[in-house]
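Structure at a glance
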Amino acid sequence: MNRTDVDIFISGGGIAGLTAAAAFAHQGLSVVLVDPSTPPKAIGTKGSDLRSTAFLAPAQDLLENIGLWSALADHAEPLKTLRVIDCQGHPPEPRTDRAFQSTDLGATSFGWNLPNWLTRKVLTETLAGAGNVDLRLGDGFARLVTREGEAIVTLASGDQVRARLAIAADGRSSPLREAAGIACKTTRYGQKALAFIVSHDAAHHNVSTELYLSGGAFTTVPLPNHEEKHCSAIVWMNDGAEAVRLQALDDEAFAQAATQRSCSVLGEMKLLSPRNVWPIVTQEAERLTSQRVALIAEAAHVLPPIGAQGLNTSLRDVAILSELAAADKGLIGTREFLSEYAKARSRDIHLRAQFIDLYNRICRSDMSKLQDLRSAGLKLVHDVAPLRRTIMTAGMGR
Ligand SMILES: Cc1cc2nc3c(=O)[nH]c(=O)nc-3n(C[C@H](O)[C@H](O)[C@H](O)COP(=O)(O)OP(=O)(O)OC[C@H]3O[C@@H](n4cnc5c(N)ncnc54)[C@H](O)[C@@H]3O)c2cc1C
């Protein structure tokens with residue numbers, strides 16, 4: 001059995017855990033990060049995450065400040081316009097169509113889109129060369145003992161890590177959260193999201209389009225061209241039974257159904273990847289900390305995939321932890337440090353979770369009154385300029 005002493009232990013090498021490792025290492029702190037899985041090497045490899053993330057400006061600032069952005073920038077596609085279409089009927093037809101421009105806020109883009117599998121691969125490769133990060137892929141968190149001054153973690157391999165702070169970044173079923181005795185509250189909607197990548201006839205012009213219909217949103221997210229074809233990542237939310245039916249279709253029938261559901265805004269779609277299915281939940285941990293332990297990202301909060309809030313909210317957790325560490329390295333992992341973290345993050349997480357929960361309930365409803373409200377709400381939010389700018393600024397996390 002090996003025993004290692006470090007400043008920070010991180011359980012979970014998803015995008016949030018890897019970013020946290022880079023943020024602490026950038027300050028000269030020593031980090032051990034463990035994850036039983038290794039990132040896929042190419043799109044469609046077993047286990048590859050086919051979601052994409054729109055990194056909004058604050059998330060991109062963080063990646064830039066800790067030296068990760070340069071490795072990602074070449075793969076990123078700017079998100080300049082967010083188009084929202086309220087649809088009706090079967091097959092769906094647009095009834096209200098509005099575009100929100102980043103230039104309205106004086107910005108060249110709202111953010112930058114990157115496929116998750118590629119981001120994870122690039123971050124892992126970048127961190128593998130970083131001096132003070134000990135990346136242990138293929139090993140996992142197993143047990144936790146904490147004392148006033150330290151967390152002692154036992155890994156699946158039997159190795160031990162003694163750290164001043166243990167961070168749970170190990171996803172929605174977080175084993176470190178469970179070991180720390182922190183419960184969470186989960187709201188289920190009976191919805192599932194299908195995530196996949198398509199090529200399409202028409203150029204996306206860096207526009208992300210959200211098309212609302214009962215069952216949930218259908219979202220197109222612009223990606224760089226693939227083999228000279230226009231490409232987008234798609235998240236298609238549906239009631240569970242409909243998602244299961246769609247998932248059972250062959251590729252051609254599925255692509256036709258996706259083209260129809262998209263109201264052909266990008267022309268005909270062709271599948272470029274397998275399809276992942278994600279259950280839609282809102283989940284909040286009852287606390288963000290326990291002795292020598294901090295929860296971040298989906299270990300702390302899971303949101304329905306609307307308005308690019310999930311991972312962006314997670315990277316705000318990372319930014320705050322990293323700012324607190326920079327302010328006084330001697331305090332890392334102490335009660336004072338953890339209470340400042342919880343104070344800084346709890347309210348924002350809770351408000352975002354409540355807002356997106358309500359928004360999802362209104363948007364997916366098949367009640368005609370709520371559908372009318374959805375359509376009128378879109379017109380109001382877009383057409384009243386001060387309201388539009390306030391909502392856009394809040395959505396960007398500014
Ligand atoms: C369909 C869909 C679309 C989305 N689109 C967006 C978007 O556009 N913008 C946005 O901001 N967010 C989006 N989100 C949310 C975002 O994708 C997630 O928040 C994010 O990917 C989760 O990252 P994470 O690092 O918290 O968790 P994960 O990626 O789940 O990583 C957790 C890691 O922990 C590891 N692990 C498990 N057990 C152990 C163990 N015992 N020890 C150590 N490690 C362990 C796992 O192997 C995994 O690698 C979307 C979500 C969904 C469902």
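Residues numbered from 1 in each chain as written. Predicted model: local features only at pLDDT ≥ 70, side-chain atom pairs only at ≥ 80, totals over all residues.

**A short note on the domain arrangement of the protein chain**
- Parsing the protein chain into structural domains produces domain 1 (3-45 + 116-186 + 284-360) and domain 2 (72-114 + 187-280 + 362-395).
- On a C-alpha basis, the centroid separation for the pair domain 1 and domain 2 is 29 Å.
- Secondary structure elements with two or more residues in the side of domain 1 that touches domain 2: helix H4 (116-128) and helix H9 (335-364).
- With 4 residues, the single largest contributor to the side of domain 1 that touches domain 2 is H9.
- Across the side of domain 1 that touches domain 2, the residue classes break down as 9 nonpolar, 5 polar and 1 charged. (Domains from an automatic or database assignment. Helix = DSSP H or I, 4+ residues; strand = E, 2+ residues; numbered from the N terminus. Nonpolar A, V, L, I, M, F, W, Y, C, P; charged D, E, K, R; others polar.)

**Describing the sheet that holds strand E4 (residues 77-79)**
- Strands sit in the order E3-E7-E4 across an open sheet of 3 strands; the sheet is antiparallel. Among the strands making up the open sheet, the edge pair consists of strand E3 (52-56) and E4. Across the sheet, the mean angle separating the axes of adjacent strands is 35° when strand polarity is ignored.
- In this sheet, strand E7 (residues 111-115) lies alongside E3 in antiparallel orientation, the contact comprising 5 bridges. Residue Ser 52 lies in a different strand from E7, and its bridge partner there is Pro 115.
- Along the sheet, helix H2 (residues 57-65) makes contact with E3 and E7, crossing E3 at roughly 85°. (Pairing = 2+ DSSP bridges. Axes fitted to C-alpha atoms, helices over the stretch in contact; angles between N-to-C directions. Contact = placed C-beta atoms within 7 Å.)

**Some remarks on the nonpolar core**
- Membership of the largest hydrophobic core comes to 113 residues, with the highest contact counts inside it found for Phe 9, Ala 20, Ala 21, Val 31, Ile 167 and Ile 296.
- The greatest single-element share of this core, amounting to 9 residues, is contributed by helix H1 (residues 15-26).
- Both domains that furnish three or more residues to this core are identified here as domain 1 (3-45 + 116-186 + 284-360) and domain 2 (72-114 + 187-280 + 362-395).
- Apart from residues no more than four positions distant in its own chain, Ile 167 is found in contact with Ile 8, Phe 9, Ile 10, Ala 20, Ala 294 and Ile 296. (Core = buried A, V, L, I, M, F, W, Y, C linked by C-beta atoms within 7 Å. Buried ≥ 20, exposed ≤ 12 C-beta atoms within 10 Å, placed from the backbone.)

**Digging into the site of the ligand**
- Taken together, 34 residues surround the ligand, and among them Gly 12, Gly 14, Gly 171, Ala 297 and Gly 310 come closest.
- Only H1, strand E2 (31-35), E3, strand E12 (184-200) and helix H8 (310-327) provide two or more residues apiece to the shell around the ligand.
- Sorting elements by how many residues they give to the shell around the ligand places H8 first, with 4 residues.
- Tallied by class, residues from the shell around the ligand come to 16 nonpolar, 14 polar and 4 charged. (Near = placed C-beta within 6 Å.)

**Some thoughts on the pairing of E7**
- Counted residue by residue, E7 has 5 buried out of 5 residues, so it is predominantly covered.
- The side-chain alternation of E7 yields two buried faces, one formed by Gly 111, Asn 113 and Pro 115 and the other by Trp 112 and Leu 114.
- Relative to E7, E4 runs antiparallel, the two being bridged by 3 bridges. Bridge pairing in E7 links Glu 77 to Asn 113.

**Some remarks on the packing of H8 against H9**
- For the pair H8 and H9, the least separation of the axes is 10 Å and the interaxial angle reads 160°. With respect to H9, the axis of H8 lies roughly antiparallel. The two elements H8 and H9 meet at a crossing, and its hand is right-handed. Across the interface between the two elements, Thr 313, Arg 316, Asp 317, Ile 320, Leu 321 and Leu 324 of H8 pack against Phe 337, Glu 340, Tyr 341, Ala 344, Arg 345, Asp 348, Ile 349 and Arg 352 of H9.
- For the contact of H8 with H9, the residue count by class is 7 nonpolar, 1 polar and 6 charged. (Parallel < 35°, antiparallel > 145°, perpendicular 65-115°, else oblique. Left-handed = near helix turned anticlockwise from the far one by under 90°.)

**Things to note about H9**
- The end-to-end C-alpha separation of H9 is 42 Å, in line with the 44 Å expected for 30 residues at 1.5 Å each.
- Where H9 bends most, at Arg 345, the angle is about 30°.
- If you check which residues of H9 are buried, you get Phe 337, Leu 338, Tyr 341, Arg 345, Arg 352, Ala 353, Ile 356, Asn 360, Cys 363 and Arg 364. (Expected span 1.5 Å × (residues − 1). Bend = angle between axes of the 7 residues up to and from the residue.)

**Some points on unusual backbone geometry**
- Cis geometry marks the peptide bond from His 90 to Pro 91; its omega dihedral reads 0°.
- Here Pro 91 is to be found in the loop between strand E5 (81-88) and strand E6 (93-101).
- Despite not being glycine, Asn 206 shows a phi value in the positive range, around 60°.
- Topologically, Asn 206 is positioned in the loop between E12 and strand E13 (207-213).
- Looking at Asn 206, the number of C-beta atoms within 10 Å reads 15, which means it is partly exposed.

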